[in-house]
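Residue-level structural notes
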Amino acid sequence: MVHAYGPHIFHTNDDEVWEYVNQFMSFKPYVNRVKATTKGKVFSLPINLLTINQFFGSTMSPNEAREFIEERADTSIKEPQNFEEQALKFIGPELYEAFFLGYTRKQWGKEPTEIPASILKRLPVRFNYDDNYFAHRHQGMPEHGYTSMVENILNHPNIEVKLNTKLDPSDVEDYDHVFWSGPLDAYFKHKFGRLQYRTLDFERIEKSGDAQGCAVMNYTDEEVPWTRITEHKHFSPWEAHDKTVLFREYSRSCEPDDIPYYPIHRTDGDTLLEQYQEAAAAEEGVTFIGRLGTYRYMDMDVTIRAALDTLAEWRGAHAS
Ligand code: UDP
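Note that the structure is predicted; figures quoted are calculated from it, not measured.

Section: the environment of Asp201
Relative to the helices and strands, Asp201 is located in strand β7 (residues 197–208). There is a polar contact of 2.7 Å between the side chain of Asp201 and the side chain of Arg252.

Overview of the UniProt feature "domain: UDP-galactopyranose mutase C-terminal" (unreviewed entry) in the chain
Here the UniProt-annotated "domain: UDP-galactopyranose mutase C-terminal" (unreviewed entry) positions come out as residues 98–297. Within the segment residues 98–297, helix and strand shares are 20% and 22% respectively, and the terminal C-alpha atoms sit 24 Å apart.

Some remarks on the packing of aromatic side chains
Counting across every chain of the model gives 27 aromatic pairs. Here Tyr133 and Phe134 contribute two aromatic rings whose centre-to-centre distance is 5.3 Å and whose plane-to-plane angle is 85 degrees, an arrangement assigned as edge-to-face. Taken individually, Tyr133 and Phe134 each receive the classification buried, so the pair is uniform in this respect. Seen from their ring centres, Tyr187 and Phe288 are 5.1 Å apart, and the 90 degrees between their planes marks the pair as edge-to-face. Here Tyr187, found in helix α7 (residues 184–187), pairs with Phe288, found in strand β12 (residues 286–288); they are 101 residues apart in sequence, far enough to count as distant.

Quick word on the environment of Ala186
Position of Ala186 relative to the elements: it lies in helix α7. Owing to a relative accessible area of 28%, Ala186 belongs among the partly exposed residues under this scheme.

Regarding the pairing of strand β3 (residues 34–38)
Judged by how many residues are buried, β3 sits mostly within the fold: 4 of 5 residues are covered. Of the strand pairs in this sheet, β3 and strand β4 (residues 41–45) are connected by 5 bridges, and their pairing is antiparallel. Counterpart to Lys35 in the pairing with β4 is Ser44. Linking two consecutive strands that pair antiparallel, namely β3 and β4, is a turn of 2 residues; a positive phi of about 45 degrees is found at Lys39 within it. Here 4 bridges tie β3 to strand β8 (residues 216–219), and the two strands are oriented parallel to one another. Bridged to Ala36 within β8 is Asn218.

Points about the site of the ligand
Taken together, the neighbourhood of the ligand is formed by 17 residues, with Arg122, Tyr133, Asn218, Tyr262 and Tyr297 sitting nearest. Within the side chain of Thr104, a nitrogen or oxygen atom sits 2.8 Å from an oxygen atom of the ligand. Tyr297 has a polar side-chain atom sitting 2.5 Å from an oxygen atom of the ligand. Burial of the ligand by the surrounding chains reaches 92%, relative to a free accessible area of 520 Å². The element best represented in the shell around the ligand is helix α5 (residues 92–108), accounting for 6 residues. Classifying every residue of the shell around the ligand gives 11 nonpolar, 4 polar and 2 charged.

Scoring rules and cut-offs
Residues numbered from 1 in each chain as written. Predicted model: local features only at pLDDT ≥ 70, side-chain atom pairs only at ≥ 80, totals over all residues. Heavy atoms only, no water. Helix = DSSP H or I, 4+ residues; strand = E, 2+ residues; numbered from the N terminus. Polar contact = N/O pair within 3.5 Å; in protein donor to acceptor, adjacent residues only side chain to side chain. UniProt positions renumbered as here; feature names shortened; annotations may be inferred. Phe/Tyr/Trp six-rings, centres within 6.5 Å; stacked < 30°, edge-to-face > 60°. Buried < 20%, exposed > 50% of the residue type's maximum accessible area, 1.4 Å probe, protein only. Pairing = 2+ DSSP bridges. Near = heavy atom within 4 Å. Areas by Shrake-Rupley, 256 points an atom, 1.4 Å probe, with all protein chains shown as cover. Nonpolar A, V, L, I, M, F, W, Y, C, P; charged D, E, K, R; others polar.

Here you go:
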């Protein structure tokens, strides 16, 4: 199983969302354990006691490590205003520079001072040896992949799928209601200008056997042009293959013909986004959903939760 649009690991604390996706596909247990290469050494992510002890060449206990990191952390930062301040407040400069500064510049094409603290809050820091990348109750891989899961969602007598069919805002009145999950600015034909997205380039590598020994290896140094290498056979260990497929992942600014992957949030606010949000709120007969439709950096489970809530609200308002 190859994840054509980059690796997706399903993880959530939301029982209802977990039940929802499990109706359409059985999930195989999977725990994401990420490694990072920096300055010729390999470390464990997210930052945990193994990372700290290996990085500083120590054998600290959880309490010793907590104190040690607190000494390095910048306590003058009360309320972090951006990604860099969040990192300096919680892990101090050494770990920040090794694991976050270069990777974040490569991933977002911006200085960490220009992106919100919330992006770092996605990742835990642990003072034990737990290296599960996600701190969520449910985690797994759809046994036959996401394409098949989505096919099952769409396999309903009331659903007709029309591919390669453009929707023009003037067509909206032909429908009872439109739920738009494409890019927010594309709906409005970019009339205020283009919102910024990051796109990804994937360089496919084929080898035999086991090429890197794990599913995800991040390359956190700025000098290495890719952000990470993923080896897809490790995402589905129940499959057996002699050969192996890896992808080097490169992040760059999204041009008009590229696939938008990540909305880019800025610390200084985004008046263009506000213009689109106002236009979206005023648009009759259309509801904007999803990562692109709402221009929010949401994981799969959050996206599904938001869609289910939106539908419940919409049904409530159109109950008559
Ligand atoms: N990040 C980093 N170094 C890493 C992993 C993540 O600096 O080794 C930063 C980076 O800015 C990234 C953010 O933390 O965008 C969130 O990471 P996550 O793994 O959630 O990113 P995703 O899987 O959504 O690309």
